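Chain by chain, the residues run as shown.
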Amino acid sequence: MESNNSVSRKDFFKQFGLMGLTAAGAGALLTACGGGSEKAAVDPCTDLTGLAQGDLDMRKNLEYVNKSMVEGQQCANCQLLKAPEGGSSCSGCLLFKGPVTQEGWCKNWVAKAV
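All values derive from a computational prediction rather than experimental measurement.

How each quantity is defined
Residues numbered from 1 in each chain as written. Predicted model: local features only at pLDDT ≥ 70, side-chain atom pairs only at ≥ 80, totals over all residues. Heavy atoms only, no water. Phe/Tyr/Trp six-rings, centres within 6.5 Å; stacked < 30°, edge-to-face > 60°. Helix = DSSP H or I, 4+ residues; strand = E, 2+ residues; numbered from the N terminus. Buried < 20%, exposed > 50% of the residue type's maximum accessible area, 1.4 Å probe, protein only. Disulfide = S-S within 2.5 Å. Contact = heavy atoms within 4.5 Å. Core = buried A, V, L, I, M, F, W, Y, C linked by side-chain atoms within 4.5 Å. Polar contact = N/O pair within 3.5 Å; in protein donor to acceptor, adjacent residues only side chain to side chain.

A. Up close: the packing of aromatic side chains. This model, assessed by the stated rule, comprises one aromatic pair. Residues Tyr64 and Phe96 carry aromatic rings whose centres are separated by 5.4 Å and whose planes lie at 55° to one another, so their mutual orientation is tilted. With Tyr64 in the loop between helix H2 (53-61) and strand S1 (81-82) and Phe96 in the segment after strand S2 (92-93), this pair connects stretches of sequence that are 32 residues apart. The exposure class of Tyr64 is buried, given its relative accessible area of 12%.

What follows is the structure, encoded as structure tokens:
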């Protein structure tokens, strides 16, 4: 006895069409449930949208990072930290534009005067 494992062209397109409908239905369901259409919330203290390329380059040149790897040196205890303005939860820096985190660091860190 010979086994025939071939699929007819008609059956192939029928199955392919059902897979497409299933995918479209799943996408619609995710969107209706709030998944897929909403972007993840961006932390305003790490959001650099709106900064000019020169400002981004300055941050990079100063080696700013959002989380210090140098023990005892964070933006929170740096002389160059600017207090948050206008009800923002993010601080700033006297050396460059854009938000900084309290846990951040750059190579120009200076101990806050006591």
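Having put the structure on the table, let's press on.
B. Structural context of the state of the cysteines. All chains considered together, the criterion is met by one disulfide. What pairs with Cys45 in a disulfide is Cys90, and their sulfur atoms sit 2.2 Å apart. Handedness of the Cys45-Cys90 disulfide follows from its S-S torsion of about -95°: it is left-handed. Placement of Cys45 in the loop between helix H1 (9-32) and H2 and of Cys90 in the loop between S1 and S2 is noted, with a sequence separation of 45 residues between them. Assigned by exposure class, Cys45 and Cys90 land together as buried.

C. Seen up close, the environment of Cys78. Looking at the secondary structure, you find Cys78 in the loop between H2 and S1. Along the primary structure Cys78 and Ala111 are separated by 33 residues, whereas in three dimensions their C-alpha atoms are 5.0 Å apart. Among all residues touching Cys78, those that are not within four sequence positions of it are Trp109, Val110 and Lys112.

D. Seen up close, unusual backbone geometry. Unlike most non-glycine residues, Glu63 shows phi in positive territory, near 60°. Along the chain, the position of Glu63 falls in the loop between H2 and S1.

E. Looking closely at the nonpolar core. Listed in full, the nine residues of the largest apolar core are Leu62, Tyr64, Cys75, Cys78, Leu80, Cys93, Phe96, Val100 and Cys106. Filtering out sequence-adjacent residues up to four positions away, Leu80 remains in contact with Gly92, Cys93, Leu94, Leu95, Asn108 and Val110.

F. Molecular detail of the side chain of Ser68. Along the chain, Ser68 falls in the loop between H2 and S1. Residue Ser68 is classed as buried on the basis of its relative accessible area of 12%. A distance of 3.0 Å separates the side chain of Ser68 from the backbone nitrogen of Val70, its partner in a polar contact. Non-local contacts of Ser68, meaning those with residues more than four positions away in its chain, are made with Gln73, Gln74, Glu103, Gly104 and Trp105.

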